[in-house]
Amino acid sequence: MGMSMFQKNIVCLFLFCFMLFASPYQNISVAGSFNQWNPASETGKMSLVSGSHWEAVVYLSQGTIEYKFTANNSWATNWGCQSISAALPQKGVAVLQAGNIKVNIPANGNYKITFNDSTREFTLSYVGGNIPPVANAGADVAVVKGTKVVFDASASHDPDGSIVSYSWNNGLNGVTASKVYDQPGVYEVILTVTDNEGAVSTDSITVMVTKEAIADFRSETIYFLITTRFYDGDPSNNFYCRDRVKIGDPHWRGDFKGLIEKLDYIKDLGFTAIWITPPVENRSGLDYHGYHAYDWTKVDPRLESPEATYQDLIKAAHAKGLKIVQDVVINHSCNYGIRGKVWIDRLPIKYFRKSGVEFTWPYEHNLGNYLFPNREDNDNPVAPQWFRERQNSDPMGTKPLVDPKTGVTIPKNDYNPNRFFGIDANTLSVDWYHQDGFMSGGDWESPKSLQKKHMAGDCIDLATGRQNVKDYINQAINLYLDMGVDAIRLDTVKHVERNELLTYVNAWKAHKPGLFVFGENLVKGLGWGNLGGDNGPSEIRPWWYTRLGNDQYNPNSGGDSGFSVLDFSLFSTFRDNVSRGSFNGIGGVLGMDWVYGDPTTLVTFLQNHDVGPDNDFKYRFQGDQWMAAAAYNLLWTIRGIPCLYYGEEVEFMKGAPQDICGNVDTLDTTGRAYFGDLLENPGIQQHPLYQHIKRLNQIRKAIPALQKAPMSKVNEWGSGMSFVRDYNNGQSYAVVGLAIGSGQSITVGGVRNGTYKDAVTGATIAVNSGSISFQVKANSAGIWVLNGPGKIGTDGTYLK
């Protein structure tokens, strides 16, 4: 929330927070009381508009402020002016090493400051606007724990002396109050002012306290992997699921030890964050992927090894400057229930028999867990007594057992398989599960069915609105956040009603302020809902979850929810454009960015473990290599956070189905095949796409505009695109041109004047007429940065 004007317009609340944030180098800055006199503060950065003329737009609060101009992010060279009116508009000539410039700010808002480094002339004038001074996860200011925060009301405008008293909550006292925040959390500080007529006015501010400085996750790029299919560092924890067995390729093959060993591979590619599939303990016939949770409080032992636990992975990643994104499921549990909380009625699987079927290694004799002494994979302690007795006995599954539901004695050939593998939805616990049966047919476009029915026999829909469910899941997730998990990816978003889902997200953010959370709302189409061209309503579409409003026809009816999503709307066009060597239609999608709470936080991708941009969205990308290169150029330069699925960088399993789709398919034939064999060959790092993505990561890392800026001046014509990325009013400014299939001549008008350097070729263009023209080779990019660093990285097959 932002600071508001008091009812009588007599009090202004000033915050002085002593924080250190790194800033990109700028030659001229404005430093003053509004930014703690920090010559390197991002708030005061100025942009070179033309010649010697610098400009900045700064949010200033009502009251008297002081400021000076500084060079090179330090006080070694600075200019001030003491003999000048404090009234607006302000205009004067600054003097080297002179005193502070004072100005009276009449109202909260945006103010334009200019400075000429040749003549030393400067101006300060009102622009307008009414935005919070700090927009950081809903708080007015964010500090690291142990920081002293000073709240000062002494500068309040009180010409008639009518203010009688100031008071604060949280045990603060006096006109000027201070507090050292030692515990992470979000705190609301309220100032109450009473005048001599007894009128009371209040204002409040939220202070977000974190364990460490909050990183803007838009600066990251993400490498997504299925942990069990990435790299096997410890064969002793390998495990074959009972379905789709391929001898020699255990489903649970990769592990944390293997991932730790290959962190340098991911780091060399230039990625800064690793998204791993859910690490919690799972149960099902095919649970290697982690989305069939059985115990949220435990890490699956099939992933861990001595000195290679989940905690060890997090520490090892952090030591290399890599963040961990944990995949989380709240929509459903496995069909075994939740260990220690709720049991789902079924028979021990070791008693299942089928005529004509002989169980073979490793599931000899029966389908019970072959690693457990008593061959039972359901060790739930809240199971009934008759079931618990068989958990610890009869490993061969031959001792007669009467099914308490039917009275039939097992083992018995061809006895109802649903009693072993399925569930009876009518017997589920109402305390933990929804009672609306299974999804079918048109249920996939119906909010009620999506959010109340079970999506599959091994995905049992949790009653996510019940407090016991929330408490259990949130307490478990907090454990992982305390271990150092940096961000969360949330599965099956549209299966949980938005406001209900946000209670979980906000609880995690309250526990770890600044946490970045994004989710999967899968849609095979643009997904605009009630905005048009869709057969489903807005309330189950991606944009809806990024907003807080309740008007399905008007995204602007509510603000940013603070929750982001994977950009399925953009992805859904790739089947018909980049997979065919074109950008056709992408401009239209980007033109809809206004529907999202913050489009710069969207997570963009070409493919993942569920979908690909071909045919029925189910195959790994199978287009020509140059098409993939052009697609990555797009993803790394438009708004959003790029995400790469493991193996894309070397065209791994090109054209294979992303998941098993036939009755006898095994994982080795799919996009989820084991990647470790290729990782044994260091030569794969010379693959053209590997080198291409590595350079894109280098370029994006060096240019804040590519990380954080919205898009403007978007122009798309099928074989090319151009757009502008303007971060913080020129603090970082880039003009981008893309070409696919053939070289392009590109002109972009209405840009800032100044000197531009291309991050791809290193060429320089001086712009003085507000228009820039350049050439881009086929399947390459022109990334022209105002006052930029020049060429970044080395030429490759495509970027050159």
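Please read these numbers as outputs of a predicted model, since none were measured by experiment. (Residues numbered from 1 in each chain as written. Predicted model: local features only at pLDDT ≥ 70, side-chain atom pairs only at ≥ 80, totals over all residues. Heavy atoms only, no water.)

1. Brief notes about the overall build of the protein
- Secondary structure assignment for the protein yields 15 helices and 41 strands.
- What you see for the protein is a C-alpha radius of gyration of 30 Å, in line with the 28 Å of a compact globule of 800 residues.
- In terms of overall dimensions, the protein has C-alpha extents of about 100 × 70 × 50 Å along its principal axes.
- The 800 residues of the protein split such that 57% are buried.
- If you take every contact in the protein between residues at least 6 apart in sequence, the share linking residues at least 24 apart comes to 67%.
- Put simply, the protein shows about 30000 Å² of open surface, and 49% of that area lies on carbon and sulfur atoms. (Helix = DSSP H or I, 4+ residues; strand = E, 2+ residues; numbered from the N terminus. Rg over C-alpha atoms; globule rule 2.2 N^0.38 Å. Buried < 20%, exposed > 50% of the residue type's maximum accessible area, 1.4 Å probe, protein only. Contact = heavy atoms within 4.5 Å. Areas by Shrake-Rupley, 256 points an atom, 1.4 Å probe, with all protein chains shown as cover.)

2. Notes on helix H12 (residues 625–637)
- Between the first and last C-alpha of H12 there are 19 Å, a value that for 13 residues agrees with the 18 Å anticipated at 1.5 Å per step.
- Counted residue by residue, H12 has 12 buried out of 13 residues, so it is predominantly covered.
- Burial in H12 covers these residues: Gln625, Met627, Ala628, Ala629, Ala630, Ala631, Tyr632, Asn633, Leu634, Leu635, Trp636 and Thr637. (Expected span 1.5 Å × (residues − 1).)

3. Re the packing of aromatic side chains
- Across all of its chains, the model carries 47 aromatic pairs by this definition.
- Note on tyrosine 67 and phenylalanine 69: the rings are 5.9 Å apart at their centroids and 85° apart in plane angle, and the pair reads as edge-to-face. Of the two residues, tyrosine 67 and phenylalanine 69, both sit in the buried class.
- When the centroid spacing of 5.7 Å and the interplanar angle of 70° are considered together, the rings of tyrosine 646 and phenylalanine 675 count as edge-to-face. Taken together, the positions of tyrosine 646 in the loop between strand S33 (641–645) and helix H13 (676–679) and phenylalanine 675 in the loop between S33 and H13 put the pair 29 residues apart, joining distant regions of the chain. (Phe/Tyr/Trp six-rings, centres within 6.5 Å; stacked < 30°, edge-to-face > 60°.)

4. Considerations on the pairing of strand S41 (residues 781–786)
- The buried fraction of S41 is high, at six of six residues.
- A two-sided burial pattern is seen for S41, the buried positions comprising Ala781, Ile783 and Val785 on one face and Gly782, Trp784 and Leu786 on the other.
- As paired strands, strand S38 (residues 754–758) and S41 are joined by three bridges and run antiparallel to one another. Bridging from a neighbouring strand, aspartate 758 pairs with tryptophan 784 of S41. (Pairing = 2+ DSSP bridges.)

5. Some thoughts on the nonpolar core
- In this structure, Tyr223, Phe230 and Trp508 are the most contacted members of the largest nonpolar core, which totals 160 residues.
- Broken down by element, this core gets its largest block of residues, nine residues, from H12.
- Among the nonpolar cores identified, the runner-up in size contains 24 residues, and Leu60, Cys81, Ala94 and Phe115 belong to it. (Core = buried A, V, L, I, M, F, W, Y, C linked by side-chain atoms within 4.5 Å.)

6. Some remarks on unusual backbone geometry
- In this structure, proline 362 follows tryptophan 361 across a cis peptide bond, with omega equal to 0°.
- Of note, the amide linkage connecting isoleucine 410 to proline 411 takes the cis form, showing an omega dihedral of 5°.
- Position of proline 411 relative to the elements: it lies in the loop between strand S27 (409–410) and helix H5 (418–421).
- Although it is not a glycine, methionine 653 adopts a positive phi angle of roughly 50°.
- Position of methionine 653 among the secondary structure elements: in the loop between S33 and H13.
- The phi torsion at asparagine 729 lies on the positive side, around 55°, for a residue other than glycine.
- Mapped onto the elements of the fold, asparagine 729 is located in the loop between strand S35 (720–727) and strand S36 (732–739).

7. What to know about the packing of helix H7 (residues 467–483) against helix H8 (residues 498–511)
- Between H7 and H8, the shortest axis-to-axis distance is 10 Å and the interhelical angle comes to 40°. For H7 against H8, the interelement crossing comes out right-handed. Together, Val469, Lys470, Ile473, Asn474, Ile477, Asn478, Leu481 and Asp482 of H7 and Thr503, Tyr504, Ala507, Trp508 and His511 of H8 make up the contact between the two elements.
- Of the residues contributing to the contact of H7 with H8, the split by class is seven nonpolar, four polar and two charged. (Axes fitted to C-alpha atoms, helices over the stretch in contact; angles between N-to-C directions. Left-handed = near helix turned anticlockwise from the far one by under 90°. Nonpolar A, V, L, I, M, F, W, Y, C, P; charged D, E, K, R; others polar.)

8. Topic: the side chain of aspartate 567
- On the secondary structure map, aspartate 567 appears in the loop between strand S31 (564–565) and helix H10 (568–571).
- Of note is the side chain of aspartate 567, whose polar atom sits 2.9 Å from the side chain of arginine 639.
- Excluding residues that lie within four positions of it along the chain, aspartate 567 makes contacts with Tyr596, Leu602, Val603, Thr604, Phe605 and Arg639. (Polar contact = N/O pair within 3.5 Å; in protein donor to acceptor, adjacent residues only side chain to side chain.)

9. A closer look at the packing of H12 against helix H14 (residues 688–702)
- Between H12 and H14, the least distance of the axes is 10 Å, while the angle of their chain directions is 15°. Between H12 and H14, the crossing angle belongs to the class labelled roughly parallel. Read as a crossing pair, H12 and H14 show a hand that is right-handed. The residues of H14 that touch H12, namely those facing Gln625, Ala628, Ala629, Tyr632, Asn633 and Trp636, are Pro688, Leu689, His692, Ile693, Leu696, Asn697 and Arg700.
- When the residues that make up the contact of H12 with H14 are grouped by side-chain class, the tally is eight nonpolar, four polar and one charged. (Parallel < 35°, antiparallel > 145°, perpendicular 65-115°, else oblique.)

10. A word on a nonpolar patch on the surface
- A cluster of nonpolar side chains, contributed by Val245, Ile247 and Trp361, occupies part of the molecular surface with about 300 Å² of accessible area.
- Examined against the element boundaries, valine 245 turns out to sit in the loop between strand S18 (222–225) and helix H1 (256–261). (Patch = residues over 30% accessible without salt bridge, like charges linked within 9 Å, V, L, I, M, F, W, Y side chains within 5 Å. Salt bridge = Lys/Arg side-chain N within 4 Å of Asp/Glu carboxyl O.)

11. Section: the pairing of strand S10 (residues 109–116)
- With seven of its eight residues buried, S10 lies for the most part within the structure.
- Sheet topology note: the strand S4 (residues 53–60)/S10 ladder contains eight bridges and is antiparallel. The residue of S10 that forms the bridge with valine 57 is lysine 112.

12. Here we look at H14
- Relative to the 21 Å expected for 15 residues at 1.5 Å per residue, H14 spans 22 Å between its end C-alpha atoms, a close match to the ideal helical length.
- Of the surrounding elements, those touching the buried residues of H14 are helix H2 (263–269), H12, S33, helix H15 (704–708) and S41.

13. Topic: the sheet that holds S36
- As summarised here, the arrangement of the six strands in space is S34-S35-S36-S41-S38-S39, forming an open sheet in which the pairing is antiparallel. Two strands close off the open sheet at either side, each with one partner strand: strand S34 (711–716) and strand S39 (764–767). On average, adjacent strands in this sheet sit at an angle of 15° to one another, irrespective of strand direction.
- Across the sheet, H12 touches S35, S36 and S41, and the angle it forms with S36 is around 160°.

14. A few points about the confidence of the model for the protein
- Residue-level pLDDT values for the protein average 90, and 92% of them are 70 or greater.
- Across residues 1–25 the pLDDT falls below 50, and counting only partners more than four positions away or on other chains, this stretch makes 83 contacts in the model.
- Taken as a whole, residues 129–138 scores under 50 in pLDDT and shows 18 contacts with residues more than four places along the chain or in a different chain. (pLDDT = per-residue confidence, 0-100.)

15. Examining the state of the cysteines
- Evaluation of the coordinates by the stated rule reveals zero disulfides.
- The structure places no disulfide on cysteine 334, whose sulfur is separated from the nearest cysteine sulfur, that of cysteine 459, by 9.3 Å.
- Looking at cysteine 459, the relative accessible area reads 8%, which means it is buried. (Disulfide = S-S within 2.5 Å.)

16. Some remarks on the environment of threonine 573
- Secondary-structure assignment places threonine 573 in the loop between H10 and helix H11 (586–590).
- Here threonine 573 falls in the buried class, since its relative accessible area comes to 10%.
- It is 7.4 Å that separates the C-alpha atoms of threonine 573 and glycine 525, two residues lying 48 residues apart in sequence.

17. Concerning the sheet that holds strand S30 (residues 516–519)
- Taken together, the eight strands give an open sheet; going across it, the order is S31-S30-S29-S22-S19-S18-S33-S32, and neighbouring strands pair in parallel fashion. Either end of the sheet is taken by a strand with one partner, and the two such strands are S31 and strand S32 (603–605).
- Examined bridge by bridge, strand S19 (residues 273–276) and strand S22 (residues 323–328) share four bridges and lie parallel to one another. Looking at the pairing, isoleucine 274 lines up with isoleucine 324 of S22.
- Packed on one face of the sheet, H12 meets S32 and S33 and runs near 140° to S33.

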